[in-house]
2 protein chains.
Amino acid sequence: MRGTGADLQEKSLHERIRNDVERHIMSGEWPPGYRIPFEHEMTRQYACSRMTVNKALGELVQRGLIERRRRLGSFVRQPHAQSAVLEIHDIEREVQALGLVYRYRLDKRRLRPAGKDDGAAMALAADAPVLELTCTHFAGGVPFCLEERLINVTAVPEAEFADFSQIGPGTWLLKMVPWSAAEHRISAVSADRKNAAALGIGSGAACLVIDRRTWHGTDYITRVSVTYPGDRHALVAQFSPSQSS
Amino acid sequence: MRGTGADLQEKSLHERIRNDVERHIMSGEWPPGYRIPFEHEMTRQYACSRMTVNKALGELVQRGLIERRRRLGSFVRQPHAQSAVLEIHDIEREVQALGLVYRYRLDKRRLRPAGKDDGAAMALAADAPVLELTCTHFAGGVPFCLEERLINVTAVPEAEFADFSQIGPGTWLLKMVPWSAAEHRISAVSADRKNAAALGIGSGAACLVIDRRTWHGTDYITRVSVTYPGDRHALVAQFSPSQSS
DNA sequence: GAGTGGTCTAGACCACATG
DNA sequence: ATGTGGTCTAGACCACTCA
């Protein structure tokens, strides 16, 4: 009773188990909330050891298809619905991809304790040290975007000694720090007088603001707010209905 | 040599091994291309079984941090792109999730041949019939966003007879039509006089505009432009590192 | 108390790539 | 031939959570 679906590339047993469960979920046969068979049941079904089943199900947890709870069992998670994969470009490469000359300027650098608001937004102790950076990115000599960033120095101690006058903090962090989760917030605001002047646009002009927070496990790494002139920039995301393999 | 970063939550041994390797990579001590210690070496270092090391390194493969080759060893990969998973909300459910009463109004409905611009944007013949819809979504009695939509009637003939006075075209299409690819374009614009009046905001106020095109195979299905008041709306996207397996 | 998943062990055989 | 990772076993103990 092992072939409920089409043949996929299943070179190993745990892959076959994983694919079988995936097929049950994707076909709707096991809807969200459904309790999938216990490990010991699948152990009998596939005539294998528990470790093999455990590996297959652990991969499905990492993919977000199921969640597992001791004593209760393993359950199909709520839909991934439709999801978009939005590539986040390094600003330097983004500018260069437009065929423009990239330039970067560090406007402000300050090591300070996290304030009350920062602590709340990032789940930090109020006195944890953070590195505050403000910089301007230029494309072809024209201001391209403004970057305001906080880095959690406790999680990334190397940042305190990094030379951000030559390399942007975004580029630096991309190279140096792994991450496991992040959150984007994309909004539109009218430029205040200071930002309008810095970007060379009219006061009150629409700007696209991308606010990103990044974690590694439970540790907060960085928070960045990037402001683009609305008439010169757009985010583009490519979509697929659901993830596979 | 593992104290280069802050203490993370390491409740299990394979997590500690995984975090140690991650720290070596993120600190630059193990640059891209570097061969990390063999499994049997780490087995001795951590005084554990090979399965435990194997699990930790397998997770790093799934996260795209390392790649492994038989006989050769395991190597630090080049920095991987960040990708975001952006949930696409149905506007009706989006409003209801805010705890507000949803209301929908169809402002315009017109069947016409695709114009020159539409044909270019949607890869349609210039005389292919398209259904043009304009509608307003309300949340709690207040305008929530404006929707301008074109539907390719050739690809979705049922749309010609659908009653969009009761159900929004977005909701209808989500239920009726499968799709295989889509593209988002997110930008910020200043409201023109007409949109400002329709949304009840000041003329020139910043708005968030989401432009989406959807395909099924090679067929264009629909193109929609949704305009939100910038001060009342933001897109939020959850992220994970890109996987490769 | 009982049953689940989480983790770990100390082996084993195989596939693969190099010498 | 050698040494690596890929996979799997048949146990084991623990943590958690329900009854």
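Note that this is a predicted model, so its numbers are computed, not measured.

Chemist: How would you summarise the protein's contact with DNA strand D if you had to cite specific residues and measurements?
Modeler: Near DNA strand D, the surroundings consist of 25 residues, among which L13 and T52 of chain A together with R50, M51 and R71 of chain B are the closest. Counting only atoms of DNA strand D within 4 Å of the protein, the fraction found in sugar and phosphate groups is 58%. T52 of chain A is positioned with one of its side-chain polar atoms (N or O) 2.6 Å from a phosphate oxygen of DNA strand D. If you list the elements that add at least two residues to the surface near DNA strand D, you get α1 (13-26) and α3 (50-62) of chain A together with α2 (39-46), α3 (50-62), β2 (66-69) and β3 (73-76) of chain B. Counting residues per element, the surface near DNA strand D draws most heavily on α3 of chain A, which supplies 4 residues.

Chemist: Kindly report on the nonpolar core, identifying the contributing residues and their values.
Modeler: One finds V156 of chain A together with F164 of chain B to be the most contacted residues of the largest nonpolar core, which totals 63 residues. Once you skip the residues sitting within four places of it in the chain, V156 of chain A turns out to touch I151, W172, L173, V177 and I221 of chain A.

Chemist: Can you tell me about the packing of helix α2 (residues 39-46) of chain A against α3 of chain A, naming the residues and giving the values?
Modeler: Residue and element names in this part refer to chain A. Running from N to C, α2 and α3 cross one another at 115°; their axes reach a closest spacing of 9 Å. Here α2 lies roughly perpendicular to α3, going by the angle between them. As for how α2 packs across α3, the hand of that crossing is right-handed. On the side of α2, the interface is formed by E39, M42 and T43, while α3 contributes R50, V53, N54 and L57. Looking at side-chain class alone, the contact of α2 with α3 contains 3 nonpolar, 2 polar and 2 charged residues.

Chemist: So what's going on with the sheet that holds strand β1 (residues 35-36) of chain A? Which residues, and what values?
Modeler: Residues and elements named next belong to chain A. Taking strand neighbours across the sheet as the criterion, the 3 strands line up as β1-β3-β2 in an open arrangement whose pairing is antiparallel. Bordering the open sheet on either side are β1 and β2 (66-69), each of which pairs with just one other strand. In this structure, β1 lies alongside strand β3 (residues 73-76), joined through 2 bridges in antiparallel fashion. Looking at the pairing, I36 lines up with S74 of β3. Lying over the sheet, α3 contacts β1 and β2, oriented at roughly 120° with respect to β2.

Chemist: Run through α2 of chain B, naming residues and quoting values.
Modeler: Residues and elements named next belong to chain B. Within α2 the residues assigned to the buried category are E39, M42, T43 and Y46. Angular distribution of buried residues about the axis of α2 spans 110°; they occupy a single face of the element. Backbone geometry just after α2 places A47 at a positive phi near 50°.

Chemist: Account for the pattern of salt bridges, with residues named and values stated.
Modeler: Residue and element names in this part refer to chain A. Taken as a whole and assessed by the stated rule, the structure comprises 22 salt bridges over all chains. In this structure, the salt-bridge partner of R18 is E59, at a minimum N-O distance of 3.1 Å. Placement of the pair is R18 in helix α1 and E59 in helix α3, with a sequence separation of 41 residues. For the pair R18 and E59, one class covers both residues: buried. The partner of E39 in a salt bridge is R68, and the shortest N-O contact between them spans 2.9 Å. Of the two residues, E39 is situated in helix α2 and R68 in strand β2; the sequence distance between them amounts to 29 residues. Given the relative accessible area of 11%, E39 is considered buried. Through salt bridges with shared partners, a single network forms among K108, R110, R112 and E132.

Chemist: So what about the packing of aromatic side chains? Which residues, and what values?
Modeler: The final tally for this structure, using the stated rule, is 8 aromatic pairs over all chains. Considering the side-chain rings of W30 of chain A and Y34 of chain A, the 5.4 Å spacing of their centres and the 15° angle between planes classify their relative orientation as stacked. Summarising the aromatic geometry, the rings of F144 of chain B and Y228 of chain B are spaced 5.7 Å apart at their centres and angled 90° between planes, so their arrangement reads as edge-to-face. Taken together, the positions of F144 of chain B in strand β7 (residues 142-152) and Y228 of chain B in strand β10 (residues 219-229) put the pair 84 residues apart, joining distant regions of the chain. For Y228 of chain B, a relative accessible area of 5% gives the class buried. In this structure, R35 of chain B is placed above the aromatic ring of F38 of chain B, and the distance from its NZ or CZ to the ring centre is 4.0 Å. When the ring centre of F138 of chain B is taken as reference, the NZ or CZ atom of R103 of chain B above it lies at 4.2 Å.

Chemist: Give a description of the protein's contact with DNA strand C that names residues and reports values.
Modeler: Surrounding DNA strand C, one finds 25 residues, the nearest of these being R50 and M51 of chain A together with L13, S49 and T52 of chain B. Here DNA strand C approaches the protein such that, of its atoms within 4 Å, sugar and phosphate make up 59%. In this structure, R71 of chain A approaches DNA strand C through a side-chain N or O atom, which is 3.1 Å from a base nitrogen. With respect to DNA strand C, the side chain of T52 of chain B contributes an N or O atom lying 2.6 Å from a phosphate oxygen. Breaking the surface near DNA strand C down by element, the ones donating at least two residues are α2, α3, β2 and β3 of chain A together with α1 (13-26) and α3 of chain B. With 4 residues, the single largest contributor to the surface near DNA strand C is α3 of chain B.

Chemist: Tell me about unusual backbone geometry, and please be specific about residues and values.
Modeler: All names here are of chain A. Its identity as a non-glycine residue notwithstanding, A47 has a phi of 50°, on the positive side. Residue placement: A47 occurs in the loop between α2 and α3. Assessed through its relative accessible area of 68%, A47 is described here as exposed. Within the chain, R71 stands out as a residue other than glycine whose phi angle is a positive 75°. Relative to the assigned elements, R71 resides in the loop between β2 and β3. Judged by relative accessible area, which is 82%, R71 ranks as exposed.

Chemist: Describe the pairing of β3 of chain B, and please don't skip the residues or the numbers.
Modeler: Residues and elements named next belong to chain B. Bridge count between β2 and β3: 4 bridges; the pairing is antiparallel. Following the sheet pairing, R69 is matched in β3 by G73. Turn length for the β2-β3 hairpin, with the two strands adjacent in sequence and antiparallel, is 3 residues, and the turn residue R71 shows positive phi of about 75°.

Rules used in this analysis
- Sequence order as written defines the numbering, with residues in each chain counted from 1.
- Starting at A for chains and at 1 for ligands, labels are handed out in the order in which the entities are written.
- The predicted nature of this model means local features are confined to residues of pLDDT at least 70 and side-chain atom pairs, given and counted, to a pLDDT of 80 or more, with totals for whole chains, interfaces and linings taken over all residues.
- No hydrogens and no water enter the side-chain calculation; it runs on all heavy atoms of the structure.
- Each residue is tested against the molecule or strand, and it is near if at least one of its non-hydrogen atoms lies within 4 Å.
- Polar contacts, as counted here, are pairs of nitrogen or oxygen atoms within 3.5 Å of one another; within protein the pair requires one atom able to donate a hydrogen and one able to accept it, and residues that are adjacent in sequence qualify only if both atoms are side-chain atoms.
- Secondary structure elements follow DSSP: runs of H or I of four or more residues count as helices, runs of E of two or more count as strands, with numbering from the N terminus.
- Working definition of a nonpolar core: buried Ala, Val, Leu, Ile, Met, Phe, Trp, Tyr and Cys residues. They are joined through side-chain atoms within 4.5 Å.
- Each residue's exposure class comes from its accessible area (1.4 Å probe, protein chains only) as a fraction of the maximum for that residue type: buried when under 20%, exposed when over 50%, partly exposed otherwise.
- Note on definitions: a residue-residue contact is assigned when non-hydrogen atoms from the two residues lie within 4.5 Å.
- Whenever a helix is involved, its axis is fitted only over the stretch in contact; in every case the axis is a line through C-alpha atoms, and angles between N-to-C directions fall within 0 to 180 degrees.
- Put simply, angles under 35 degrees are roughly parallel, angles over 145 are roughly antiparallel, angles from 65 to 115 are roughly perpendicular, and the rest are oblique.
- Handedness of a crossing is defined here by the sense of rotation of the near helix relative to the far one, left-handed for an anticlockwise turn of less than a right angle and right-handed for a clockwise turn.
- We call Asp, Glu, Lys and Arg charged. Ala, Val, Leu, Ile, Met, Phe, Trp, Tyr, Cys and Pro are nonpolar, and the rest, Gly among them, are polar.
- A pair of strands counts as paired when DSSP detects no fewer than two bridges linking them.
- Arc definition: it is the arc formed by the directions from the helix axis to the C-beta atoms.
- Think of a salt bridge as a Lys or Arg side-chain nitrogen and an Asp or Glu carboxyl oxygen that are within 4 Å of each other.
- Two aromatic rings from Phe, Tyr or Trp, using only the six-membered ring of Trp, form a pair when their centres are within 6.5 Å; if the ring planes differ by under 30 degrees the pair is stacked, by over 60 it is edge-to-face, and anything between is tilted.
- The criterion for a charge sitting over a ring is simple: Lys NZ or Arg CZ within 6 Å of the ring centre, and within 35 degrees of the ring normal.

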